[in-house]
There are 2 protein chains.
Amino acid sequence: MTRPLIISAFVMNTASHILQGLWRQPEGRQIEFNSLDLWVDLAVDLEKHLFDMIFFADVAGLYEEFEGTHRVHIETGLQIPSNDPSVILSALAYNTEHLGLAFTSNILQEHPFNFARKVSTLDHASQGRIAWNIVTNLQRNGARNFGQELTEHDARYAWAHEYVDVAYKLWEGSWDEGAILRDRESGIHADFEKVHAINHKGERYEVEGPHLVAPSPQRTPVLFQAGSSDAGRSFAAAHAEAQFLGAPTPELAASSIGSVRDLLLQNGRRPEDLKFIQGLSFVIGSTEEEAVRKSRELDDAIDHRAMLAHLTGAMGVDPGRHAPDEPLSEWKIEGVQSLLEGIRAATGSREPTIRDLILLTSRSGRVAGTPEQIADELERWQAAGIDGINLINATIPGTYLEFGEHVMPVLRDRGLAKKAYTPGTLRQKIFGRDRLPHTHPAAAYRNAFR
Amino acid sequence: MTRPLIISAFVMNTASHILQGLWRQPEGRQIEFNSLDLWVDLAVDLEKHLFDMIFFADVAGLYEEFEGTHRVHIETGLQIPSNDPSVILSALAYNTEHLGLAFTSNILQEHPFNFARKVSTLDHASQGRIAWNIVTNLQRNGARNFGQELTEHDARYAWAHEYVDVAYKLWEGSWDEGAILRDRESGIHADFEKVHAINHKGERYEVEGPHLVAPSPQRTPVLFQAGSSDAGRSFAAAHAEAQFLGAPTPELAASSIGSVRDLLLQNGRRPEDLKFIQGLSFVIGSTEEEAVRKSRELDDAIDHRAMLAHLTGAMGVDPGRHAPDEPLSEWKIEGVQSLLEGIRAATGSREPTIRDLILLTSRSGRVAGTPEQIADELERWQAAGIDGINLINATIPGTYLEFGEHVMPVLRDRGLAKKAYTPGTLRQKIFGRDRLPHTHPAAAYRNAFR
């Protein structure tokens, strides 16, 4: 039994996001990223094709150096320049009606009082279509842009727990239901008894409140998270409503989903409280041969050096100082061991090298085939427990138009994509309710400050 | 010789901004402030009437208590709820072509690295129409929302000097001219040699850089400032391109302008580097009698208690504990002494009381008359040295439509308002250039990090 997948467009307000080098494609508009037109046009196209969301990645600085410098990052546009995704969302909201507007914000970037206010403003402006991808900072340069050194991994998640806690108090607890009266007759705009300070005092933050913004349609935005470490999975199980996966195969996705779901239940949350969204890219052909040929052309167009700089830079290492044939198992670096698992599945018994890493990274999550074959593959992902996909682009808007025109109709025929938007907020569309369920930790702050 | 005034609409993303109580007016749309439609519709109307800017005020928390509580603030919507103005600007930018988009941001609210990035993103998105009103925090509650106690007045300005310094380095110095190549042929997106870390190390901030956003049309947004204290005037003379005044009379405006202009010259800046913008509200009648009658109706509609709570709350005092007939000179409070000057001008020799303060505050900057009389009055303000006006509203959009339809044509006839928009950025429109002049301190960071 198939059911409609959540279908999201994975983008970034930058020159080169995931498939490095493709900004050079003559038909691509990615390098117009400074212009609102690019993003509004894309959002309108996505809504026409019934995408559920546009999802913006983000960074707080540069990834780790490559060959001892940031030259490759700057020259290839590897997520630099990188514009603030949050401030363009209102233009997208104004020009669409249903599309979910998800953006990444690093807890390093903004004080939670100001962040919560920004999100509530956007949730009002979009009539309840905002989602927040909660990330912690993994960049040394990112930390130094904010006057800090890189926080140790587990401590970053402790920080994130407090950060969301402050935000939950503001979103869920500061204003009771019915606080806004707008009574022109009596002159009472809001009920004083229903607006509360939160008086948060924690390790890192002290926040008096009240929240400056009245409750928005969703109060708390839909919460996304992407970490795959133990601490990341614990965090997702505690807080996220959707987790992004970059699993190499459906089998590995199933295993990851199983372990997070166990943690979810231990947290008193229900299986349906957390969705899993897999990052995938597609090469679509009218025949299998055409798809294979286009996939090879894509291999040739991708900037593999920039791909490697991105991958290893995100792990905090400089691979430029290693030989391509060096076995990856030699790297004594956090993050590499979990990567190896996926790479070994592809290389078989042979010990994976840096060269393997480069090739596999550029092909990771790539599905090449006819629309029917792609639908078959998505059925396999769904059977493995995936609830949706985050669609990585080769070109903007090309990738999304092609998927919308050629693959979406097949998915719809098979019940793998919805036939129309459900009315209401993003959470209503995904979960059938506007607000977080009582099983979510944020719900504890409802009426808590009265 | 008249010249066109800069004409700005002074608004706030809140229930009740300056003329308290008027959200109750049946035709007013202010209480729809959560909706993008209100603001986009207004921006489009303003552009139709050739306004130069829409200008958003902002706060970081509640003003000081009144009668020992925030009840009056919440009940009358006195700048609470208060939504983030910055995140709605892209919707306004998308729907207009010429209107300047000015917003207030408190240095308390955001780290300068993130703030500079947000502004650059918006300046790209609006094709160079962003202005920033630099404010320091004067609210105890605002400070406590960010885990701080209120910073002493002069120390706040020292903080502001460092804050803008960081922002200038990112905006002006981090990316050289010509850094962006976007060369699809060679695959070089940006010239590595032209992108620089800033390595700021100061009292409060350490920021490595580079700036994450490539140079926007204006680089540094047009800089506004509103402080009237000695430290505030010094800051304006050092940094601002436009200063807001709330002078009670043209004569007092002229005196204030003279003293700031002296400081300006001492800073090596030129008279034309700083514009002065006076906050005014208008009651327009087809006859003088009608205007007088409408002005009295306005007196009756205004919530004077909320007006007083706003005024004194902004000074950090609770006037509810003082009797209405108490002489104001008894108040030993920072800010009151400069207010007294204006009030004495109105009350004559009699010692002003709290009651005088209430009445005068609600009428401060109000000009009532026929369009011709209003134009006469604006000529007097211009003769006193005012370069523009920030138009306080009674209702949105009513006030601006009425001014646009009835007063603007008269101003145009007299050369007090422009007849068409000049093409280009906001700075181009106001100063005839896209970038800050070499006399501005930010200019020192050009090519400083090479």
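See the structure printed just above.
Figured I'd write up the structure that's included with this text. (Residues numbered from 1 in each chain as written. Chains lettered and ligands numbered in written order. Predicted model: local features only at pLDDT ≥ 70, side-chain atom pairs only at ≥ 80, totals over all residues. Heavy atoms only, no water.)

**Examining the overall build of chain A**
Line of reasoning, step 1. Regarding its fold elements, chain A presents 15 helices and 13 strands.
Line of reasoning, step 2. For chain A, whose C-alpha radius of gyration is 22 Å, the value lies close to the compact-globule estimate of 22 Å for 450 residues.
Line of reasoning, step 3. The principal-axis extents of the C-alpha atoms in chain A amount to approximately 75 × 50 × 45 Å.
Line of reasoning, step 4. Residue burial in chain A is summarised as follows: out of 450 residues, 63% are buried.
Line of reasoning, step 5. When the 45 basic and 61 acidic side-chain charges of chain A are each reduced to a single mean position, those positions are 2 Å apart. (Helix = DSSP H or I, 4+ residues; strand = E, 2+ residues; numbered from the N terminus. Rg over C-alpha atoms; globule rule 2.2 N^0.38 Å. Buried < 20%, exposed > 50% of the residue type's maximum accessible area, 1.4 Å probe, protein only. Lys, Arg positive; Asp, Glu negative; His and termini not counted. Charge placed at Lys NZ, Arg CZ, Asp CG, Glu CD.)

**Let's talk about the side chain of R412(B)**
All names here are of chain B.
Line of reasoning, step 1. Structurally, R412 is set in helix α14 (residues 398–413).
Line of reasoning, step 2. Nearest to the buried, unbridged R412 among oppositely charged side chains is D413, at 7.7 Å.
Line of reasoning, step 3. When near neighbours in sequence (up to four residues on either side) are disregarded, R412 contacts H49, L50, A417, K418 and K419. (Salt bridge = Lys/Arg side-chain N within 4 Å of Asp/Glu carboxyl O. Contact = heavy atoms within 4.5 Å.)

**Considering the nonpolar core**
Line of reasoning, step 1. F403(A) and F403(B) are the most contacted members of the largest nonpolar core, which has 199 residues in total.
Line of reasoning, step 2. With near-sequence residues (within four places) excluded, F403(A) lies in contact with I7(A), F51(A), F282(A), I284(A), I389(A), L391(A), M408(A) and L411(A). (Core = buried A, V, L, I, M, F, W, Y, C linked by side-chain atoms within 4.5 Å.)

**Considerations on the relation of the copies chain B and chain A**
Line of reasoning, step 1. Least-squares fitting of chain B to chain A yields an RMSD of 0.1 Å, with the superposition described by an axial translation of 0.0 Å and a rotation of 180°. Both copies of the chain, as the preceding transformation shows, are related through a two-fold rotation axis. For chain B, the residue whose C-alpha comes nearest the rotation axis is A91(B), separated from it by 1.9 Å.
Line of reasoning, step 2. The overlap is high: 100% of the interface residues of chain B also sit at the interface in chain A, so the same surface is used on both sides. (Least-squares fit on C-alpha atoms with pLDDT ≥ 70 in both.)

**Some words on the pairing of strand β1 (residues 6–12) of chain A**
Residues and elements named next belong to chain A.
Line of reasoning, step 1. In terms of residue burial, β1 counts as a mostly covered element, since seven of its seven residues are buried.
Line of reasoning, step 2. What you see with β1 is no split at all: I6, S8, F10 and M12 on one side and I7, A9 and V11 on the other are buried throughout.
Line of reasoning, step 3. Bridge count for β1 against strand β13 (residues 388–392) is five bridges, and the pairing is parallel. When the bridges of β13 are listed, I6 appears paired with G388.
Line of reasoning, step 4. Bridging between β1 and strand β2 (residues 53–57) involves five bridges; their strand directions are parallel. Looking at β2, one finds that V11 is bridged to F56.
Line of reasoning, step 5. In this fold, the crossover linking β1 to β2 by way of helix α1 (residues 36–48) has right-handed handedness. (Pairing = 2+ DSSP bridges. Right-handed = clockwise from strand over helix to strand, strands pointing away.)

**Section: the interface of chain B and chain A**
Line of reasoning, step 1. Each partner contributes to the interface: chain B provides 82 residues, whereas chain A provides 82 residues.
Line of reasoning, step 2. Of the roughly 6600 Å² buried at the junction of chain B and chain A (both faces included), carbon and sulfur atoms supply 57%.
Line of reasoning, step 3. Per-residue buried area on chain B facing chain A is highest for Y94(B), R184(B) and F192(B); these three make up 12% of the total on that side.
Line of reasoning, step 4. The tally of links between chain B and chain A comes to six salt bridges.
Line of reasoning, step 5. Ionic pairing is found between R117(B) and D58(A), a salt bridge with its closest N-O pair at 2.5 Å.
Line of reasoning, step 6. Counting across the interface, chain B meets chain A through 47 residue pairs in polar contact (both at pLDDT 80 or more).
Line of reasoning, step 7. Elements supplying a minimum of two residues to the side of chain B that touches chain A: α1 (36–48), α2 (71–76), α3 (89–94), α4 (112–125), α5 (140–145), β5 (180–183), β6 (188–190) and β8 (206–207) of chain B.
Line of reasoning, step 8. Take the side of chain B that touches chain A: its biggest share by element is eight residues, from α4(B). (Buried area = accessible area lost by both parts, 1.4 Å probe. Polar contact = N/O pair within 3.5 Å; in protein donor to acceptor, adjacent residues only side chain to side chain.)

**Let's talk about the pattern of salt bridges**
For side chains bearing opposite charge, pairing can occur when the charged atoms are close.
Line of reasoning, step 1. Throughout the structure, instances matching the rule amount to 57 salt bridges over all chains.
Line of reasoning, step 2. Here E208(B) makes a salt bridge to R144(A), at a shortest N to O gap of 3.7 Å. With E208(B) in the loop between β8 and β9 (222–225) and R144(A) in helix α5 (residues 140–145), this pair bridges two chains.
Line of reasoning, step 3. Looking at R144(A), the relative accessible area reads 28%, which means it is partly exposed.
Line of reasoning, step 4. Put simply, E372(A), D376(A), E379(A) and R414(A) are held in one network by salt bridges that share partners.

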